[in-house]
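Next come the chains, spelled out residue by residue.
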Amino acid sequence: ILTASSFAAMFFLGVGSAIIGAASRNIGLSPFQIGLLLASQNVGFILSVISVGTLADSVDKARLMFASSLIIAISFFFFYLKDMFILNLAIILIIGVGIGGYEGAADAMLLDLHERRESLFISVNHFFVTFGGLIIVQATSIVYFKLYMGLVPTFIKEKQKQGFS
């Protein structure tokens, strides 16, 4: 179960890492705003990898993964719920903290669980990062296509025309 949860966590790490690039132009963000979002996410990621990686030596890694999952779930719920850019900049920082928590705890947990064939499990774990990134890109592409085919509610189209601030 812990190995599967690590793979799932890395899948969501991929989703969280790619979500800005996958959706940002579709919701009317400027290149400057996209850059700020990416920078904010990376600051949260770096700080979290350092702190969770350090904590992973003394705290149960499964608990650290659970805390990261909770952070990401709550953050994904609130991300672009409101279209205030500054609020979403703070939320993407928290998403970065969550995905950094996965990175800091998942590999360490797998190394503890699988003393033999550890490189296989680490490689599969990181495959799920790529897979998560691919899935979110495909999902946003489908939504974008449906938006322009008239399959998405009109209020979303209107919101996109107005742009997000």
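Structure first, text after, so check above.
Residues numbered from 1 in each chain as written. Predicted model: local features only at pLDDT ≥ 70, side-chain atom pairs only at ≥ 80, totals over all residues. Heavy atoms only, no water.

A.B. asks: Is there a simple way to explain the overall build of the protein in this structure?
C.D. replies: When its secondary structure is counted, the protein shows 6 helices and 0 strands. Secondary structure elements of the protein, listed N to C terminal, follow the sequence α-α-α-α-α-α. Looking at the protein as shown, the accessible area adds up to about 9400 Å², and 71% of this sits on carbon and sulfur atoms. (Helix = DSSP H or I, 4+ residues; strand = E, 2+ residues; numbered from the N terminus. Areas by Shrake-Rupley, 256 points an atom, 1.4 Å probe, with all protein chains shown as cover.)

A.B. asks: Help me understand the nonpolar core, please; the structure alone is not making it clear to me.
C.D. replies: It is characteristic of soluble globular proteins that their nonpolar side chains tend to be buried jointly. Grouped together as the largest cluster of nonpolar side chains are 16 residues, with contacts concentrated most on Ile20, Leu29, Leu37, Phe79, Tyr80, Phe85 and Ile92. Of all elements in the fold, only α1 (2–23), α2 (31–55) and α4 (85–113) reach the threshold of two or more residues within this core. Setting aside anything within four residues of it in sequence, one finds phenylalanine 79 in contact with Asn88, Ile91, Ile92 and Ile95. Grouped together as the second largest cluster of nonpolar side chains are 14 residues, Met10, Leu13, Val52 and Tyr102 included. (Core = buried A, V, L, I, M, F, W, Y, C linked by side-chain atoms within 4.5 Å. Buried < 20%, exposed > 50% of the residue type's maximum accessible area, 1.4 Å probe, protein only. Contact = heavy atoms within 4.5 Å.)

A.B. asks: Explanation requested: the side chain of histidine 114 in the structure shown.
C.D. replies: With respect to the helices and strands, histidine 114 occurs in the loop between α4 and α5 (118–148). Histidine 114 gets classed as buried once you look at its relative accessible area, which sits at 17%. Polar contacts involving the side chain of histidine 114 include one to the side chain of threonine 3, which spans 2.6 Å. Residues contacting histidine 114, with those up to four places away along its chain left out, are Thr3 and Phe121. (Polar contact = N/O pair within 3.5 Å; in protein donor to acceptor, adjacent residues only side chain to side chain.)

A.B. asks: I'm lost on a nonpolar patch on the surface in this one. Help?
C.D. replies: Together, Phe66, Leu70, Ile74, Phe77, Phe78 and Leu81 make up a nonpolar patch on the protein surface, roughly 640 Å² of accessible area in all. Looking at the element boundaries, phenylalanine 78 is found in helix α3 (residues 61–78). (Patch = residues over 30% accessible without salt bridge, like charges linked within 9 Å, V, L, I, M, F, W, Y side chains within 5 Å. Salt bridge = Lys/Arg side-chain N within 4 Å of Asp/Glu carboxyl O.)

A.B. asks: Mind showing me how you'd approach the environment of alanine 90 here?
C.D. replies: On the secondary structure map, alanine 90 appears in helix α4. It is 7.5 Å that separates the C-alpha atoms of alanine 90 and serine 40, two residues lying 50 residues apart in sequence.

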